[in-house]
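Listed here are the chains, written in short residue letters.
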Amino acid sequence: MNLFFFFSLLFSSFFNLSVARGGSPSSINASGVVNGSFAASGRHLFADMKVSLAEQLQLKRLEELAKDYMSNSDLENALMSLNSRCSGISRVYSIGKSVHGVPLWVMEISDKPGKEEAEPAFKYIGNVHGDEPVGRELLILLANWLCDNYMKDPLATLIVDNVHLHILPSMNPDGFSLRRRGNANNIDLNRDFPDQFFHMNDDPGAHQPETKAIMRWLEEIRFTASASLHGGALVANYPWDGTENKKKYYYGCPDDETFKYMASIYSRSHHNMSLSEEFPGGITNGAYWYPIYGGMQDWNYLHAGCFELTLEISDDKWPNASELPTLFEYNKMSMLNLVASLMKTGIHGRIFSSDEGKPLPASIAIKGLNSTIHARETLADYHRLLVPGGKYEVIATMPGYKSRSTSIMLGEEAMTVDFVMDPVITPINSFLQRGWSCSLPGPHLEVFFILVLVLVSVFLCFLLKRRVVLNYPKQRQTKRSVLGV
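Residues numbered from 1 in each chain as written. Predicted model: local features only at pLDDT ≥ 70, side-chain atom pairs only at ≥ 80, totals over all residues. Heavy atoms only, no water.

If you tally the helices and strands in the protein chain, you get 13 helices and 16 strands. The contacts in the protein chain between residues at least 6 apart in sequence include a share of 73% that link residues at least 24 apart. Just so you have it, the protein chain exposes about 23500 Å², and 57% of that area is on carbon and sulfur atoms. (Helix = DSSP H or I, 4+ residues; strand = E, 2+ residues; numbered from the N terminus. Contact = heavy atoms within 4.5 Å. Areas by Shrake-Rupley, 256 points an atom, 1.4 Å probe, with all protein chains shown as cover.)

This is how it looks when you write it as structure tokens:
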């Protein structure tokens, strides 16, 4: 009996197929509650619990497996070596550091790395959870493949020439070194973001360094889409990840159809993800699978307009390293096609003012969808993902300008939809534009008119004072003549 108990503990630590996003769904009831607590919302990972014998054996197993995986130093060296070999289409930069000071290295792959272009940007993030290292390995292999096949393979060339691809192989290098899910502070990074349903993680100063780095990253770069790579299942997960009442059911976001389309691109391009018996078509709504809160996926969409998927790419969270080449082949076309979909589908364009032709960082909305994206500040380019084969009304809005809209029928290929917006004409602007032949910037006309009024007023006051001064001696002379008579 004791022997049976020992092996039960041992195998229970191995079969953790769904702890990639949150707690095991097998232990979550219909309300998303585990043992009286909401399991999927916790940031701390039971740091005070004693390590069981089974966990010790699991840790020893992971240490053996990790010997054939890249260490954090190996990963850094691989990125630097790749960057030297493909310097024409790559650059390496850091978005911050982990708790233990390990740089969070990113490789950008583009025909003009580091240059701002009117092109969409995509990011891949691996190793969000320290004990899910497959993603970090596959992303290095992906970067190498693009480097080796640029100008040789049409898909590689399409991506490099038309997309700015940013690859963060490891968001949680400390967790990887510790062979555990959380970071060095034992915080689950995929529960550390602000949540739309509950007031959690609202204090900016309380976020983990890795979380802060991601949030700053999205302030600096306007990403069109994104995906994070996890392990423990085989499915493409899309928003929403949670529900308003913490219950488990399908809860789609405003762009639900677009997200299903994106998830299906990955699943159908995969070796066998779309054949899943557990997940029809190999895709799932996060809240329908099991709700989590404070996740990175929903935060990307809500706060940055970035369409992010959570990709579970391996049933085994930490497989033998000998399986990595096969796993890469299974996922390679999925990863490539998902990035390429940014250029192959959706609507893309730029927005300008009619009076000066300057770029406008306007907002783009689709009638009937409660979702808005913004054109970039400098180039005013936008990239809106939509399901092909539909009719859409695209609306551009900008304070100080008349809104513009157009109806389109989106086919199977991407469509360019540019906007030229007219400034709102006020009575002052209208008067100046009719009465003055010179051309002044529209937004500054009112200021100019006010300055003219002020100058005219000052000049009139000056003339009035001068007239009073000149008339004063004459008045005194007249008085003397009268008195002398």
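Further notes follow.
On to the pairing of strand 6 (residues 233–238), then. Within a regular strand, side chains alternate between the sheet's two faces. Extensive coverage of strand 6 is indicated by the burial of six of its six residues. Going residue by residue along strand 6, you find Ala233, Val235 and Asn237 tucked away on one face and Leu234, Ala236 and Tyr238 tucked away on the opposite face as well. Two strands pair when backbone bridges link them, and strand 6 and strand 7 (residues 283–285) are joined in this way by three bridges, in the parallel orientation. Counted as the bridge partner of asparagine 237 is threonine 284 from strand 7. (Buried < 20%, exposed > 50% of the residue type's maximum accessible area, 1.4 Å probe, protein only. Pairing = 2+ DSSP bridges.)

If you walk through the whole model with that rule in mind, you get one disulfide. Between the sulfur atoms of cysteine 86 and its disulfide mate cysteine 147 the distance is 1.2 Å. With cysteine 86 in the loop between helix 3 (72–85) and strand 1 (90–97) and cysteine 147 in helix 4 (residues 134–149), this residue pair connects regions lying 61 residues apart in the sequence. Across the pair, cysteine 147 and cysteine 86 agree in class, each one buried. (Disulfide = S-S within 2.5 Å.)

On to the packing of aromatic side chains. A complete count under the given rule lists 17 aromatic pairs for this structure. Aromatic pair tyrosine 301 and phenylalanine 307: ring centres 5.3 Å apart, planes at 85°, arrangement edge-to-face. Residue tyrosine 301 is classed as buried on the basis of its relative accessible area of 7%. For phenylalanine 307, a relative accessible area of 2% translates into the label buried. Joined through ring pairs, the aromatic side chains of Phe197, Phe198, Tyr249, Tyr251 and Tyr293 make up one cluster. Residue placement shows lysine 123 over the ring face of phenylalanine 223; its charged tip is 5.6 Å from the ring centre. (Phe/Tyr/Trp six-rings, centres within 6.5 Å; stacked < 30°, edge-to-face > 60°. Lys NZ or Arg CZ within 6 Å of the ring centre and 35° of its normal.)

Here we take up the packing of helix 4 against helix 11 (residues 324–344). How two helices sit against one another is set out by the angle between their axes and by the gap between those axes. Relative to each other, helix 4 and helix 11 sit at 65°, their axes nearing to 10 Å. Once helix 4 is placed against helix 11, the crossing between them reads as right-handed. The residues of helix 11 that touch helix 4, namely those facing Val134, Glu137, Leu138, Leu139, Leu141, Leu142, Trp145 and Leu146, are Leu324, Leu327, Phe328, Asn331, Lys332, Met335 and Leu336. Partitioned by chemical class, the residues of the contact of helix 4 with helix 11 number 12 nonpolar, one polar and two charged. (Axes fitted to C-alpha atoms, helices over the stretch in contact; angles between N-to-C directions. Left-handed = near helix turned anticlockwise from the far one by under 90°. Nonpolar A, V, L, I, M, F, W, Y, C, P; charged D, E, K, R; others polar.)

On to the nonpolar core. Among soluble globular proteins, nonpolar side chains are generally buried collectively. Phe122, Tyr124, Leu142, Leu309, Leu311, Met335 and Leu338 are the most contacted members of the largest nonpolar core, which has 64 residues in total. Every residue in contact with leucine 338, bar those within four places of it in the chain, is listed here: Phe122, Tyr124, Ala227, Met262, Ile265, Tyr266, Leu309 and Leu311. (Core = buried A, V, L, I, M, F, W, Y, C linked by side-chain atoms within 4.5 Å.)

Time to look at the layout of surface pockets. Here the second largest pocket is characterised by a volume of approximately 570 Å³. In terms of lining residues, the second largest pocket is bounded by 26 residues, among which Leu218, Glu219, Glu220, Ile221 and Arg222 are the most central. When contributions to the lining of the second largest pocket are tallied by element, the ones reaching two or more residues are strand 4 (164–168), helix 7 (209–220) and helix 10 (296–304). Ranked by residues supplied to the lining of the second largest pocket, first place goes to helix 7 with six residues. In terms of residue class, the lining of the second largest pocket is made up of seven nonpolar, six polar and 13 charged. (1 Å grid on protein atoms, 1.4 Å probe; cavity = no way out; pocket = protein on both sides within 12 Å on 5 of 7 lines; lining within 4 Å. Points joined across faces, edges and corners; volume = space filled by probe spheres on them.)

This paragraph deals with the sheet that holds strand 2 (residues 103–109). Across the sheet, which stays open at both edges, the eight strands sit in the order 1-2-4-3-5-8-6-7 with mixed pairing between neighbours. Sheet topology places strand 1 and strand 7 at the edges, where each strand pairs with a single neighbour. Averaged over all pairs of adjacent strands, the angle between their axes in this sheet comes to 25°, without regard to strand direction.

This part covers the confidence of the model for the protein chain. Mean pLDDT for the protein chain: 86, with 79% of residues reaching 70 or above. Across residues 1–18 the pLDDT falls below 50, and counting only partners more than four positions away or on other chains, this stretch makes 20 contacts in the model. Low pLDDT, under 50, characterises residues 26–41; the stretch is placed with 26 contacts to residues that sit more than four places away or in other chains. (pLDDT = per-residue confidence, 0-100.)

Once that is clear, we can look at the pattern of salt bridges. Tallied over the full model, the rule gives 19 salt bridges. A salt bridge links lysine 112 to aspartate 111, with the shortest nitrogen-to-oxygen separation between them at 3.7 Å. A salt bridge links glutamate 308 to lysine 123; the shortest N-O distance between them is 3.1 Å. With a gap of 185 residues between them, glutamate 308 in strand 8 (residues 307–314) and lysine 123 in strand 3 (residues 121–126) connect regions that are remote in the sequence. Of the two residues, glutamate 308 and lysine 123, both sit in the buried class. Taken together, the shared-partner salt bridges connect Glu132, Arg181, Asp188, Arg191 and Lys317 into one network. (Salt bridge = Lys/Arg side-chain N within 4 Å of Asp/Glu carboxyl O.)

Cross-referencing UniProt, the feature "active site" (unreviewed entry) maps to Glu312 in the present numbering. Following the sequence through the fold, glutamate 312 ends up in strand 8. (UniProt positions renumbered as here; feature names shortened; annotations may be inferred.)

Where strand 13 (residues 391–397) meets strand 14 (residues 404–409), six bridges bridge the pair, whose relative direction is antiparallel. For alanine 396, the partnering residue across the bridge sits in strand 14 and is arginine 404. Between the end of strand 13 and the start of strand 14, which pair antiparallel, lie six residues, with glycine 400 showing a positive phi angle near 90°.

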